[in-house]
Amino acid sequence: MISIFRGLALLLFLTITLVVASPAQSAPASSEKPFVVEYYYKAKWGHADEFLKLFKKNHYPVLKKEMEMGRIAKVWMDQPRYHTTEDGRWDYRVTIVFKNATVANETFDEAALQKQMYTDQETFQREEQRRFEILDGHWDLPVKTVDLEK
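Keep in mind it's a predicted model, so treat the numbers as computed, not measured. (Residues numbered from 1 in each chain as written. Predicted model: local features only at pLDDT ≥ 70, side-chain atom pairs only at ≥ 80, totals over all residues. Heavy atoms only, no water.)

J.: Can you walk me through the nonpolar core in this structure?
T.: Considering soluble globular proteins, one finds that nonpolar side chains tend to be buried as a cluster. In this structure, Tyr39, Tyr41, Phe51, Val94 and Ile96 are the most contacted members of the largest nonpolar core, which totals 15 residues. Elements with a minimum of two residues in this core: strand 1 (35-43), helix 2 (48-69), strand 2 (72-78) and strand 3 (92-98). If we skip the residues at most four places from it in the chain, Phe51 touches Tyr41, Tyr92, Arg131, Ile134 and Leu135. (Core = buried A, V, L, I, M, F, W, Y, C linked by side-chain atoms within 4.5 Å. Buried < 20%, exposed > 50% of the residue type's maximum accessible area, 1.4 Å probe, protein only. Helix = DSSP H or I, 4+ residues; strand = E, 2+ residues; numbered from the N terminus. Contact = heavy atoms within 4.5 Å.)

Okay, here's the thing in structure tokens:
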């Protein structure tokens, strides 16, 4: 009787292991697909232009450097053409297409890159702090494409 229970336990263990391991084995194929994240910024009223100026001066060059390094495939910014309700309002959406999900989620020392690019760290840090002080909201949204033909 004990050997039957051991056999059933082993069978259950192997079944669970196969179910859990199957998706993991297919992950490398999908890890080569681009990984898209949208970053939303909602500035305090009257500060959207200041945010854009600081973003273009300090953060966009870092993103361009990451494109040169191959981490990022593409980056662009959108803004709404018309206004929306305050609770759904955002001023800028930055879309970043990373090389793949692994690159997007691995640890990357952006601070070291910023120190290399901006020798006047005091000004850089002050302006970056200001860029986030004038925000009412900021959120990141990883997105995936839905194939409507499948």
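J.: What is the right way to look at the sheet that holds strand 3 in this model?
T.: Across a sheet, paired strands are connected by hydrogen bonds in the backbone, their directions being either parallel or antiparallel. Strand order in this open sheet of 4 strands is 2-3-1-4, and the pairing throughout is antiparallel. Since the sheet does not close on itself, it has two edges, and those belong to strand 2 and strand 4 (135-143), each with one partner. Taken pair by pair, the neighbouring strands of this sheet meet at an average axis angle of 15°, ignoring direction. Across 6 bridges, strand 2 lies against strand 3 in antiparallel orientation. Each residue of the ladder has a partner; that of Asp78, found in strand 3, is Arg93. (Pairing = 2+ DSSP bridges. Axes fitted to C-alpha atoms, helices over the stretch in contact; angles between N-to-C directions.)

J.: Where do I start with helix 2 in this structure?
T.: Residues three or four positions apart in an α-helix share a direction because the helix packs 3.6 residues into each turn. Counted at 1.5 Å a residue, the expected span for helix 2 with its 22 residues is 32 Å, and the 30 Å between its end C-alpha atoms agrees. In the structure, helix 2 departs most strongly from a straight axis at Lys56, where the bend amounts to approximately 45°. For helix 2, the complete set of buried residues consists of Phe51, Leu54, Phe55, Asn58, His59, Val62, Leu63 and Glu66. Close packing links the buried residues of helix 2 with strand 1, strand 2, strand 3, helix 4 (110-117), helix 5 (121-133) and strand 4. Gly70, located one to two residues past helix 2, shows a positive phi value of around 95°. (Expected span 1.5 Å × (residues − 1). Bend = angle between axes of the 7 residues up to and from the residue.)

J.: Looking at this structure, how should I read the packing of aromatic side chains?
T.: Two numbers describe a pair of aromatic rings. These are the distance of the centres and the angle of the planes. If you walk through the whole model with that rule in mind, you get 7 aromatic pairs. Taking the centre distance of 4.9 Å and the plane angle of 40° together, the rings of Tyr41 and Phe51 count as tilted. Taken together, the residues span a long stretch of sequence, with Tyr41 in strand 1 and Phe51 in helix 2 at a distance of 10 residues. In this pair, the class of Tyr41 matches that of Phe51, namely buried. Three or more aromatic residues joined by ring pairs make a cluster, and in this case those are Tyr41, Phe51, Phe55 and Tyr92. The ring of Trp76 has Lys74 sitting right over it, with the charged end atom 5.0 Å from the ring centre. A cation over an aromatic ring shows up here: Arg89 above the ring of Trp45, its NZ or CZ 4.6 Å from the ring centre. (Phe/Tyr/Trp six-rings, centres within 6.5 Å; stacked < 30°, edge-to-face > 60°. Lys NZ or Arg CZ within 6 Å of the ring centre and 35° of its normal.)

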